[in-house]
Amino acid sequence: MKIYLFIVMLCVSTCGFAQPQIIKQAIISTTTTVIAPEGEDVQNLQSSGSGGGAQMFRNFGDGETKSTTYLKDDMIKTVMKSDMGRSTIIRNNSSTLTTTLIEMMGNKMGFFITDEEQAEMKLKMDSMMKQRRSADSSRAPMPNAAASNVEISYADGIKKIAGYNCKKAYVISTRLLGLKDSVTVWYNPEIKFEYASSTGGTSSFGGFGSVGNFTTLNGTDKIDGFVMQYEMKMRRGRIMTVEVTKIDIKKEIMEKEFEIPKDFDVKPMKEFQSMMQGGPGGGMQFRMERN
């Protein structure tokens, strides 16, 4: 009888560990560090543009960026702070609307976009990149993120991050030509958030493959837990390290945390993009690049 009870208790304990607790409210602090290769010629990567004092932020994200993510029910907000400025991404998962606010050089501006509009934009971007590569045979074939097959491989190893015992896993992506990319991640198997499988990078940008030097790690939603740390290679030889430094699940988050400040000039994405690329009223170029 005692042996039977022990086996039952062991099974209950094991099952509880295998199924992470779903948490709907939390504040997550993250540090993202992007390191450029030594000896990089910065002059060849920066351009002042033409007319109107246009600027191209191709090195947006280099160095260290602190981010804080607020989660409450179907709302998620991430505030990112770096030497370049401050950006806030507010995601309403109920209405599938993502609003991005940018504070840079004294300007307060932003844009909003739906998931449907993002999908349409992505198709146009993929088509444009495909045409460019067809016209230039010297260009390498473009990886198609949508066609990539992502699998998770769990490995031995325990590491404490932000006070949590984390396990090791590999996120393996197979691209069109059969090439495989592997990223080592450390995850907390005890908790999981409904609308966030990781933080840092551009996990809250709502579908953009990359913005500046930040790149989204696809496949983290397949991991049995919450990703606390990972390191991945980026374009132009950069290395990005993302690490959660604190998780607070006790502090109450007010609804007003997700309100759009009235002093921001927020426009639809297409109108904002036109302005940034030198359209009517433009003068600053904010370029979004994809791998």
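Remember, predicted model here, so these are calculated numbers, not experimental data.

Cut-off values and rules
Residues numbered from 1 in each chain as written. Predicted model: local features only at pLDDT ≥ 70, side-chain atom pairs only at ≥ 80, totals over all residues. Heavy atoms only, no water. Helix = DSSP H or I, 4+ residues; strand = E, 2+ residues; numbered from the N terminus. Buried < 20%, exposed > 50% of the residue type's maximum accessible area, 1.4 Å probe, protein only. Salt bridge = Lys/Arg side-chain N within 4 Å of Asp/Glu carboxyl O. Expected span 1.5 Å × (residues − 1). Arc of directions from axis to C-beta. Contact = heavy atoms within 4.5 Å. Patch = residues over 30% accessible without salt bridge, like charges linked within 9 Å, V, L, I, M, F, W, Y side chains within 5 Å. Areas by Shrake-Rupley, 256 points an atom, 1.4 Å probe, with all protein chains shown as cover. pLDDT = per-residue confidence, 0-100.

Draft legend 1. How the structure looks around the overall build of the protein chain. Counting its regular elements, the protein chain contains three helices and 16 strands. The burial tally for the protein chain puts 40% of its 291 residues in the buried class.

Draft legend 2. Highlighting unusual backbone geometry. Phi at threonine 96 is positive, roughly 50 degrees, even though this residue is not glycine. For threonine 96, the location among the structural elements is in the loop between strand S5 (85–92) and strand S6 (97–104). Although it is not a glycine, alanine 162 adopts a positive phi angle of roughly 55 degrees. We classify alanine 162 as partly exposed; its relative accessible area is 31%.

Draft legend 3. Broad picture of the pattern of salt bridges. Scanning all chains against the criterion turns up twelve salt bridges. Its salt-bridge partner being glutamate 120, residue lysine 270 comes within 3.7 Å of it at the nearest N-O pair. In this pair, lysine 270 is assigned in helix H3 (residues 269–276) and glutamate 120 in helix H2 (residues 115–135), connecting sequence segments 150 residues apart. Judged by its relative accessible area of 35%, glutamate 120 is partly exposed. Each of Glu120, Lys124 and Lys270 takes part in salt bridges that share partners, so that together they form one network.

Draft legend 4. Molecular detail of H2. End to end, H2 covers 30 Å across 21 residues, agreeing with the expected 30 Å (1.5 Å per residue, within 8%). Turning to H2, its buried residues number three or more, namely Gln118, Met121, Met125, Asp126 and Met129. Projected down its long axis, H2 shows its buried positions confined to an angular sector of 135 degrees, all on one face. Exposed residues pointing more than 90 degrees away from the buried face of H2 are listed as Glu116, Leu123, Lys124, Lys130, Gln131, Ser134 and Ala135. Residues of H2 that are buried in the fold lie against S6, strand S7 (107–114) and H3.

Draft legend 5. Focus on a nonpolar patch on the surface. Residues Leu176, Leu177 and Leu179 make up a contiguous nonpolar surface patch of roughly 330 Å² in combined accessible area. Following the sequence through the fold, leucine 176 ends up in the loop between strand S9 (164–174) and strand S10 (180–188). Among the residues examined, leucine 176 registers a relative accessible area of 56% and is labelled exposed.

Draft legend 6. Focus on the confidence of the model for the protein chain. Residue-level pLDDT values for the protein chain average 77, and 71% of them are 70 or greater. Contacts for the low-pLDDT stretch residues 1–17, under 50 throughout, to residues beyond four places or in other chains number three contacts. In the predicted structure, residues 142–147 sits below a pLDDT of 50 and forms 13 contacts with residues beyond four places in sequence or in another chain.

Draft legend 7. Here's a closer look at the environment of asparagine 107. Along the chain, asparagine 107 falls in strand S7. Expressed as a C-alpha distance, the spacing of asparagine 107 and aspartate 265, which sit 158 residues apart in the sequence, is 9.0 Å.

Draft legend 8. Representation of H3 in the model. Listing the buried residues of H3 in full gives Met269, Phe272, Met275 and Met276. An end-on view of H3 places all buried positions within 130 degrees of arc, on one side of the element. Buried positions along H3 lie against S6, S7, H2 and strand S16 (265–268).

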